[in-house]
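# Architecture at a glance
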Amino acid sequence: MKKRPPLPLRLHVPEPSGRPGHPTDFSYLHLSPAGAARRPPVNTPPVKTEDLAYSLVRVLDDEGRAVGPWAPKVEPADLIRGLRAMMKTRLFDARMLIAQRQKKISFYMQCLGEEAIACAHTQALQPGDMCFPTYRQQGLLLARDDVSMVDMMCQLMSNPRDPLKGRQLPVMYSIKRAGFFSIAGNLANQFIQAVGWAMASAIKGDTKIASAWIGDGATAEADFHTALTFAHVYRAPVILNVVNNQYAISTFQAIAGGEATTFAARGVGCGIASLRVDGNDFLAVLAASRWAAERARSNLGPALIEWVTYRAGAHSTSDDPSRYRPADDWTRFPLGDPIARLKQHLIALKAWSDAQHEAAQKELEAEVLAAQKEAESHGTLLDGHIPPLESMFQDVYQEMPAHLKRQLAQLEAEHGVRS
Ligand SMILES: Cc1ncc(C[n+]2csc(CCOP(=O)(O)OP(=O)(O)O)c2C)c(N)n1
Ligand SMILES: [Mg+2]
């Protein structure tokens, strides 16, 4: 018998199902109907969550009803608070995007379409818990009453009232008392930091948990996998959030490994209880976040949650998504708009109305505008109001060493700064 010549080997390179001019085929998402996914007890062993890592936890159905075992017990007042937080986040983003175009800010990143994830998650956390966010979780701050929009805007404008004194890129907030760890531009390190913080909390016998954040693209970094190993081995009290918004700048999520499996399935493989959840469904986000938080708080170990959502806007102000995907892609995304979905639910409950929605929109618009006016009164990038030069010598050492004292004196002599 003649031997068949060996097959030439080839690699598989995933391709997105949509391109400019070609509408995306979203069937790759493998959605489950609302209410279909089961809700296991919080002490379920990780291996028993396998089916939930491949299906999709959803609560809100197409009519805006809350259905199935994940429907959370929640007061309409808290849902209204959540709705307003999402609306405020969207308005804040829209205004800051314009401010960047007006050159008042050097750079901006919106979370358009992803607002439910941060705004609902924050309702499942307690004071003292610590989030290790990426640049797309501004909703964690905007959902809180104790964080000033003016301070956030001053950080974006790098003006003298910037609490971070111009030392961070715009958007890279740091507000410890609000449970918001300093954002780093280096992707994925949030995950190991969060797991380490959670382990320290347990070592101290504290009661605070950590919440780690990462995007679909950044899961391809080694830090993600290191974090999963430590979280699993020591049962660290941490929630591991993977925000799958379908893109990492222009790169489709399949390139980071979301084509033949799910990001949630990474957790199960590492011995971590995992869920894949509709990230545009405020109620599902709240229910899954509570489940994971209770698990972490009860020494039952970490949980990984893949939030399925869509990055409706550009990656950042330096990006133009119409170059690599259909410009109207978001309008076809099957999980819809998180604000519209919660609004529909509240109206169905008779706890909200179109008129109330419109009034809230106007009120929040005025609030964001007033904050912007106040922030701009401290200066923007346009008028060159930056933190004083001598501030770069501050907060570095407890006692300023001799060489820095010399440099500061030199600066004073040359530029007339106060020492
Ligand atoms: C270690 C590292 N590699 C690359 C980059 C450049 N970079 C910034 S954002 C980004 C895409 C991240 O995508 P994803 O993790 O999906 O998060 P998303 O922006 O979609 O929220 C890349 C590659 C970086 N900041 N850090
Ligand atoms: Mg992404």
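Residues numbered from 1 in each chain as written. Chains lettered and ligands numbered in written order. Predicted model: local features only at pLDDT ≥ 70, side-chain atom pairs only at ≥ 80, totals over all residues.

## Some details on the overall build of the protein
- In terms of regular secondary structure, the protein is built from 13 helices and seven strands.
- Radius of gyration (C-alpha) of the protein: 23 Å, near the 22 Å computed for a compact globule of 419 residues.
- Here the protein, with 419 residues, has 44% of them falling under the buried criterion.
- Considering only intrachain contacts with a sequence separation of at least 6, the fraction spanning at least 24 residues in the protein is 77%. (Helix = DSSP H or I, 4+ residues; strand = E, 2+ residues; numbered from the N terminus. Rg over C-alpha atoms; globule rule 2.2 N^0.38 Å. Buried ≥ 20, exposed ≤ 12 C-beta atoms within 10 Å, placed from the backbone. Contact = placed C-beta atoms within 7 Å.)

## Here we look at the sheet that holds strand 2 (residues 210-215)
- The sheet built from five strands is open, its strands ordered 1-2-3-7-6 with parallel pairing. The outermost strands of the open sheet, each flanked by one partner alone, are strand 1 (130-132) and strand 6 (273-278). Pairs of neighbouring strands in the sheet enclose a mean axial angle of 20°, with direction left out of account.
- In the sheet, strand 1 pairs with strand 2 via three bridges, with the strands oriented parallel. By the bridge assignment, Cys131 is partnered in strand 2 with Ser211. (Pairing = 2+ DSSP bridges. Axes fitted to C-alpha atoms, helices over the stretch in contact; angles between N-to-C directions.)

## A closer look at the packing of helix 2 (residues 76-101) against helix 12 (residues 354-376)
- Orientation of helix 2 relative to helix 12, taken along the N-to-C sense of each, is 45°, at an axis distance of 10 Å. With respect to helix 12, the element helix 2 is oriented oblique. Judged by the twist between their axes, the crossing of helix 2 over helix 12 is right-handed. Here Arg84, Met87, Lys88, Leu91, Phe92 and Arg95 of helix 2 come into contact with helix 12, specifically with Ala360, Gln361, Leu364, Glu365, Val368 and Gln372.
- Looking at the contact of helix 2 with helix 12, its residues break down into six nonpolar, two polar and four charged. (Parallel < 35°, antiparallel > 145°, perpendicular 65-115°, else oblique. Left-handed = near helix turned anticlockwise from the far one by under 90°. Nonpolar A, V, L, I, M, F, W, Y, C, P; charged D, E, K, R; others polar.)

## Some words on the site of ligand 1
- Taken together, 17 residues surround ligand 1, and among them Leu187, Gly215, Gly217, Ala218 and Ala248 come closest.
- Taken together, the residues of the shell around ligand 1 break down into six nonpolar, seven polar and four charged. (Near = placed C-beta within 6 Å.)

## Thoughts on the packing of helix 5 (residues 149-157) against helix 12
- Direction vectors running N to C along helix 5 and helix 12 enclose 50°, while the axes themselves pass 9 Å from each other. Classified by the angle their axes make, helix 5 and helix 12 are oblique. Note that helix 5 runs across helix 12; the crossing there is right-handed. On helix 12, the residues touching Met149, Val150, Met153, Cys154 and Met157 of helix 5 are Val368, Ala371, Gln372, Glu374 and Ala375.

## Remarks on unusual backbone geometry
- The phi dihedral of His30 is positive, around 50°, even though this residue is not glycine.
- You can see His30 is positioned in the segment before helix 1 (50-54).
- Taking the number of C-beta atoms within 10 Å as the measure of exposure, His30 has 12 and is therefore exposed.
- A positive phi angle, close to 50°, is found at Ser158, a residue other than glycine.
- Tracing the backbone through its elements, the reader meets Ser158 in the loop between helix 5 and helix 6 (189-203).
- Looking at Ser158, the number of C-beta atoms within 10 Å reads 23, which means it is buried.

## Brief notes about the pairing of strand 3 (residues 238-244)
- Strand 3 sits mainly inside the fold: seven of its seven residues count as buried.
- Alternating residues of strand 3 divide into Val238, Leu240, Val242 and Asn244 and Ile239, Asn241 and Val243, and every residue in both groups is buried.
- Here strand 2 pairs with strand 3 via six bridges, running parallel. Paired with Ile214 across the strands is Val242, a residue of strand 3.
- Taken together, strand 2, helix 7 (residues 222-233) and strand 3 constitute a β-α-β crossover, and its handedness is right-handed.
- Pairing analysis gives six bridges linking strand 3 to strand 7 (residues 303-308), with the strands arranged parallel. Bridge pairing in strand 7 places Asn241 opposite Ile305. (Right-handed = clockwise from strand over helix to strand, strands pointing away.)

## Considerations on the pairing of strand 7
- In terms of burial, strand 7 is a largely internal element, six of the six residues being buried.
- Viewed along the sheet, the connection from strand 6 through helix 9 (residues 282-297) into strand 7 turns out right-handed.

## Some points on the environment of Gly217
- Here Gly217 lies in the loop between strand 2 and helix 7.
- A count of 23 C-beta atoms within 10 Å places Gly217 in the buried class.
- Here the alpha-carbon distance between Gly217 and Tyr247, two residues 30 residues apart in the chain, equals 7.1 Å.

## Section: the nonpolar core
- Formed by 103 residues in total, the largest nonpolar core has its most connected members in Ala212 and Val238.
- Among the elements that line this core, the one with the most residues is helix 9, at eleven residues.
- Other than its neighbours up to four places away in sequence, Val238 contacts Ala194, Val195, Ala198, Ile209, Ala210, Ala212, Ala231, Ala296 and Pro302. (Core = buried A, V, L, I, M, F, W, Y, C linked by C-beta atoms within 7 Å.)

## Quick word on helix 5
- Among the residues of helix 5, Met152, Met153, Cys154, Gln155, Leu156 and Met157 are the ones counted as buried.
- Next to the buried residues of helix 5 lie helix 2, helix 4 (139-142) and helix 12.
- Within two residues after helix 5, Ser158 carries a phi angle of roughly 50°, on the positive side.

## Some points on the environment of Met157
- Its location among the elements puts Met157 in helix 5.
- Overall, the presence of 28 C-beta atoms within 10 Å leaves Met157 in the buried class.
- For the pair Met157 and Pro321, spaced 164 residues apart in the sequence, the C-alpha separation amounts to 25 Å.
- Here Met157 is in contact with Lys104, Ile105, Ala375, Gly379, Thr380 and Leu381, once residues within four sequence places are set aside.

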